[in-house]
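# Observations on the three-dimensional arrangement
Spelled out from the first residue to the last, the chains are:
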Amino acid sequence: MDKKLFQTIGLKDVEPNTELELHVKHSIKNFHCKDIDVENFLRNKAFDFERRNKSRTYLIFEDSSLVAYYTLSLHSLVFDKSTSKNVIKRVDGFSKSVQSVGIVLIGQLGKDFNLGKSLTGTYLLEECLSIVLRVQNITGGRYALLECTEEPKIVEFYKANGFEVLQKSNDTYLQMIKKL
């Protein structure tokens, strides 16, 4: 896949009251994702989270069309009581008795189901992880975290891209981690 076809823009870099902001807002309004929660976050929360420094959202355009996006944030990963001490020590790097670790969360990851056909999920994840690795290079950290539904196709996609199941975050989502 030719990476030159895609351009990534951080919402942080979109100046208010500019032509770019109008284009971005119009593109977001027309973004359609198979996961309605991912779509709703982009439409209803991304700008607010950006402004409040809760997360950073990155938009991927092909030509002038928004084809995908991802959102990153800092997160405190709290270990479930069922998580083994060996796994806790491996994730923490020092102790098997910690209850939580700081981690970069891939909070949102989505493609437009009409316009994002030329962009693979693997490419989107690689773009996202390139920013995660820059964060890790500056701040430290050992793993990236994401949460996903237990749908086999989704779990297998993340496993094929180096993630492993860590634990359940609640009744709905699996927490998956990837060593950086």
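Summary of the structure given here. (Residues numbered from 1 in each chain as written. Predicted model: local features only at pLDDT ≥ 70, side-chain atom pairs only at ≥ 80, totals over all residues. Heavy atoms only, no water.)

### Some remarks on the environment of aspartate 37
For clarity, the threshold we go by: Secondary structure elements are taken from DSSP: a helix is a run of H or I of four residues or more, a strand is a run of E of two residues or more, and numbering for both begins at the N terminus. In what follows, residue pairs with any heavy atoms lying within 4.5 Å of each other are defined as contacts.
Structurally, aspartate 37 is set in helix 2 (residues 36–44). Here the alpha-carbon distance between aspartate 37 and proline 16, two residues 21 residues apart in the chain, equals 25 Å. Dropping the residues within four chain positions of it, aspartate 37 is found in contact with Gln108 and Tyr173.

### Some points on the layout of surface pockets
Quick reminder of the rule: Using a 1 Å grid laid over the protein atoms alone, points where a 1.4 Å probe fits but cannot get out form a cavity; open sets with protein on both sides within 12 Å along at least 5 of 7 lines form a pocket; any residue with an atom within 4 Å of a point counts as lining. Grid points are joined across faces, edges and corners, and a volume is the space filled by probe spheres set on the points. For this classification, the nonpolar set comprises Ala, Val, Leu, Ile, Met, Phe, Trp, Tyr, Cys and Pro, the charged set comprises Asp, Glu, Lys and Arg, and every other residue, Gly included, is treated as polar.
Counted as a void, the largest pocket has a volume near 1,400 Å³. In terms of lining residues, the largest pocket is bounded by 37 residues, among which Asp35, Val38, Leu109, Gly110 and Tyr158 are the most central. Those elements that provide at least two residues to the lining of the largest pocket are helix 2, strand 3 (65–78), strand 4 (100–111), helix 5 (121–139), strand 5 (143–149) and helix 6 (152–160). Its residues assigned to classes, the lining of the largest pocket shows 16 nonpolar, ten polar and eleven charged. Estimates place the volume of the second largest pocket at around 270 Å³. Forming the walls of the second largest pocket are 13 residues, and the residues nearest its centre are Arg56, Tyr58, Leu72, Leu74 and Val135. Counting residues per element, the ones that place at least two in the lining of the second largest pocket are strand 2 (56–62), strand 3 and helix 5. In terms of residues, the lining of the second largest pocket owes the most to one element, helix 5, which gives four residues. Of the residues belonging to the lining of the second largest pocket, the class tally is seven nonpolar, three polar and three charged.

### Here's the deal with unusual backbone geometry
In the Ramachandran plot, asparagine 53 falls in the positive-phi region, its phi being about 60° despite a non-glycine side chain. Looking at the element boundaries, asparagine 53 is found in the loop between helix 3 (46–51) and strand 2. Of note in this structure, aspartate 63 is not a glycine but carries a positive phi near 55°. The residue aspartate 63 is located in the loop between strand 2 and strand 3 in this model.

### Regarding the nonpolar core
Rules: What is meant by a nonpolar core is a set of buried Ala, Val, Leu, Ile, Met, Phe, Trp, Tyr and Cys residues, joined one to another through side-chain atoms within 4.5 Å. Accessible area is worked out with a 1.4 Å probe on protein chains only. A residue is then buried under 20% of its type maximum, exposed over 50%, and partly exposed in between.
Within the largest apolar cluster, 26 residues are counted, with the highest numbers of intra-cluster contacts made by Tyr70, Leu72 and Ile106. Of all the secondary structure elements, the ones that give two or more residues to this core are strand 2, strand 3, strand 4, helix 5, strand 5, helix 6 and strand 7 (173–179). The leading source of residues in this core is helix 5, at seven residues. Discounting residues that sit within four places of it in the chain, leucine 72 has contacts with Ser55, Arg56, Tyr58, Val104, Leu105, Ile106, Cys128, Ile131 and Val132. In this structure, Val14, Cys33, Val38 and Tyr69 belong to the second largest nonpolar core, which totals 15 residues.

### Examining the pattern of salt bridges
Keep this limit in mind: Here a salt bridge means any side-chain nitrogen of Lys or Arg lying within 4 Å of a carboxyl oxygen belonging to Asp or Glu.
Taken as a whole, this structure holds seven salt bridges when the rule is applied. With a shortest N-O distance of 3.4 Å, glutamate 21 and lysine 25 are connected by a salt bridge. Residue glutamate 21 and its partner lysine 25 are both found in helix 1 (residues 19–29); the two are separated by four residues, about one turn of the helix. Residue glutamate 21 is classed as buried on the basis of its relative accessible area, which comes to 12%.

### Quick look at helix 2
Condition: Summarising the geometry, the arc corresponds to the directions from the helix axis toward the C-beta atoms. Under this definition, polar contacts are N or O atom pairs within 3.5 Å; protein pairs additionally need one hydrogen-donor-capable and one acceptor-capable atom, and for neighbouring residues in sequence, both atoms have to be side-chain atoms.
All buried positions along helix 2 are accounted for by Val38, Glu39, Phe41 and Leu42. Mapping the buried residues of helix 2 onto a view down its axis gives an arc of 160°, with all of them on the same face. In the core, the buried residues of helix 2 are packed alongside helix 1, helix 3, strand 2, strand 3 and strand 4. The opening residue of helix 2 is aspartate 35, an N-cap whose side-chain oxygen sits 2.9 Å from the backbone nitrogen of aspartate 37.

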